[in-house]
Amino acid sequence: MTAAVIDQAVALLRAGQVVALPTETVYGLGADALNPDAVARIFALKGRPADHPLIVHLPPEAALEDWAADVPAAARALAAAFWPGPLTLILRRHARVPLAVTGGQDTVALRVPDHPLALALLRAFASGIAAPSANRFGHISPTTAAHVRDEFGDAVPLILDGGPCRVGLESTIVDLSRGAPVVLRPGAIGAADITRVTGHAPAAQRAARQAPAPRASGLLARHYAPRTPAELVNGADLPGRLAALAAHGDRVGVLALGRPLGHGLALPDDPPAYGRGLYAALRELDRGGYDRLLIEAPPQDDAWRAVNDRLRRAVATDD
Ligand code: TXA
Ligand code: MG
């Protein structure tokens, strides 16, 4: 069963088609990374601007020097420590990687995902699969096969169903193309993990924004957003805000932290479990017919950094 569906997926990829695949972070919309026409299909399906680069997913056996022009020691150390896993490395692009993949940039994003189906597919394909998250541009990333179907209907010829994603938030992106590591997008692998392995504390995203950094659509303020207007509220202010909106006649859905409040949903007060459930919860609340969503703000500490990053973007009102 699995072998047959992997064969089918490989045949589609070889024919220049797209295939949706599970990873441990979110589902991806994959195509042959060395085929510019196949990569163009991804952009067309997503409605994504052509200058937004894609991540190339590699089998664990791939040689980094086949995909990157320069492989610093820190890249080798991070790959050895965290691949397969939720970490994407930005390196200088190897000349054979099409500019269609990198959005015209001279750098390339690489990662080996940690999901049995993705790994089986990558090994059978034996090359790189370019894959953004399998959602339309600006929408919430999918963490189940059903979410991918909701986004694309029958426009995607094959969706490999690997169950719900274990991590649920997109990979940490570390830029190593400009010397010292810079975190472009926080994720399950934290700054402390990167410091421990490379010996350098990575610069934070804010600094990366000010420098002439590579473009990353994860840096757009409004991204990962529900369609219902949403706001972040501290737990202590939640009852008051709820009462004020109710008095105004608004139907309000709450994403509560730790304990259910009787309106909407609650996620566990634990960063990995919260991250795993966040996108499914936002999709469910978005379908709930609410006028407004209130999201109870998690603590501001390091363990919550990736969750807080996505929540800030979910409530942002512009770019
Ligand atoms: O967990 C993930 O990373 C998921 C799964 C499917 O692997 N993929 C994902 O892809 O989140 P996407 O395309 O939705 O987000 C990739 C991010 C974008 O913000 C993109 O701009 C950035 O990676 N990126 C890709 N190549 C880059 C490059 N050369 N320089 C800087 N940023 C890059
Ligand atoms: Mg995305």
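Since the structure is predicted, the reported quantities are computational estimates derived from the model, not experimental observations.

Some thoughts on the overall build of the chain
For the chain, the count of helices and strands is eleven helices and 13 strands. Against the 2.2 N^0.38 benchmark of 20 Å for 319 residues, the chain shows a C-alpha radius of gyration of 20 Å, consistent with a compact globule. With the principal axes as the frame, the chain shows a C-alpha extent of 60 × 45 × 30 Å. The 319 residues of the chain split such that 54% are buried. Sequence-distant contacts, at least 24 apart, represent 68% of the contacts inside the chain between residues at least 6 apart. Accessible area for the chain stands at about 13100 Å²; split by element, carbon and sulfur atoms hold 53% of it. Looking at the chain, you have 32 positive and 32 negative side-chain charges, and the mean spots of the two groups are 2 Å apart.

Observations regarding the domain arrangement of the chain
Annotation of the chain at the domain level lists domain 1 (3-207) and domain 2 (230-315). Between the C-alpha centres of domain 1 and domain 2 there is a distance of 28 Å. With 20 residues of domain 1 at the contact, the number on the domain 2 side is 14 residues. Across the interface of domain 1 and domain 2, roughly 1400 Å² is buried in total on both sides, 54% from carbon and sulfur atoms. Per-residue buried area on domain 1 facing domain 2 is highest for Ile 140, Leu 169 and Pro 186; these three make up 42% of the total on that side. Connecting domain 1 to domain 2 are two salt bridges. With a closest N to O distance of 3.0 Å, Arg 283 and Glu 151 form a salt bridge. For the side of domain 1 that touches domain 2, the class distribution of residues is eight nonpolar, eight polar and four charged.

Overview of the packing of helix H1 (residues 2-14) against helix H5 (residues 116-125)
Following both chains from N to C, one finds H1 and H5 inclined at 55 degrees, their axes separated by 9 Å at the closest point. In terms of orientation, H1 and H5 fall into the oblique class. H5 is crossed by H1, and the crossing has right-handed handedness. Residue-level inspection shows Thr 2, Ile 6, Ala 9, Val 10, Leu 13 and Arg 14 of H1 in contact with H5, the latter providing Leu 117, Ala 120, Leu 121, Ala 124 and Phe 125. Of the residues assigned to the contact of H1 with H5, the class counts are nine nonpolar, one polar and one charged.

Things to note about the packing of aromatic side chains
Counted by the stated rule, this structure contains one aromatic pair. Summarising the aromatic geometry, the rings of Tyr 274 and Trp 304 are spaced 5.4 Å apart at their centres and angled 80 degrees between planes, so their arrangement reads as edge-to-face. In this pair, Tyr 274 sits in helix H10 (residues 271-286) while Trp 304 sits in the loop between strand E13 (292-296) and helix H11 (305-315), placing the two residues 30 residues apart along the sequence. Given the relative accessible area of 0%, Tyr 274 is considered buried.

Some remarks on the packing of helix H3 (residues 73-82) against helix H7 (residues 191-198)
Across the interface, H3 lies against H7 with an axial gap of 9 Å and an inter-helix angle of 120 degrees. The pairing of H3 with H7 is recorded here as oblique in orientation. Judged by the sense of rotation from one axis to the other, the crossing of H3 with H7 is right-handed. Counting all contacts with H3, which are made through Ala 74, Ala 77, Leu 78, Ala 81 and Phe 82, the residues of H7 involved are Asp 193, Ile 194, Arg 196, Val 197 and Thr 198. For the contact of H3 with H7, the residue count by class is seven nonpolar, one polar and two charged.

Structural notes on the pattern of salt bridges
Counting across every chain of the model gives 16 salt bridges. For the salt bridge of Arg 292 with Glu 231, the shortest nitrogen-to-oxygen distance reads 2.5 Å. You can see Arg 292 sitting in strand E13 and its partner Glu 231 sitting in strand E10 (residues 230-233), a full 61 residues away along the chain. On the basis of relative accessibility, which here comes to 23%, the residue Arg 292 falls in the partly exposed class. Judged by relative accessible area, Glu 231 falls into the buried class, the value being 16%.

As for the sheet that holds strand E12 (residues 264-267)
If you walk across this open sheet you meet the four strands as E10-E13-E11-E12, and the pairing is parallel. Whereas interior strands pair on both sides, the edge strands pair on one side only; in this sheet they are E10 and E12. Mean inter-strand twist for the sheet, computed between neighbouring axes without regard to direction, equals 15 degrees. In the packing of helix H9 (residues 238-247) onto the sheet, contacts are made with E10, strand E11 (252-257) and E13, and the angle to E13 comes to roughly 175 degrees. Those strands touched by H11 are E10 and E13, and its axis lies near 135 degrees from that of E10.

Conventions used here
- Residues numbered from 1 in each chain as written.
- Chains lettered and ligands numbered in written order.
- Predicted model: local features only at pLDDT ≥ 70, side-chain atom pairs only at ≥ 80, totals over all residues.
- Heavy atoms only, no water.
- Helix = DSSP H or I, 4+ residues; strand = E, 2+ residues; numbered from the N terminus.
- Rg over C-alpha atoms; globule rule 2.2 N^0.38 Å.
- Buried < 20%, exposed > 50% of the residue type's maximum accessible area, 1.4 Å probe, protein only.
- Contact = heavy atoms within 4.5 Å.
- Areas by Shrake-Rupley, 256 points an atom, 1.4 Å probe, with all protein chains shown as cover.
- Lys, Arg positive; Asp, Glu negative; His and termini not counted.
- Charge placed at Lys NZ, Arg CZ, Asp CG, Glu CD.
- Domains from an automatic or database assignment.
- Buried area = accessible area lost by both parts, 1.4 Å probe.
- Salt bridge = Lys/Arg side-chain N within 4 Å of Asp/Glu carboxyl O.
- Nonpolar A, V, L, I, M, F, W, Y, C, P; charged D, E, K, R; others polar.
- Axes fitted to C-alpha atoms, helices over the stretch in contact; angles between N-to-C directions.
- Parallel < 35°, antiparallel > 145°, perpendicular 65-115°, else oblique.
- Left-handed = near helix turned anticlockwise from the far one by under 90°.
- Phe/Tyr/Trp six-rings, centres within 6.5 Å; stacked < 30°, edge-to-face > 60°.
- Pairing = 2+ DSSP bridges.

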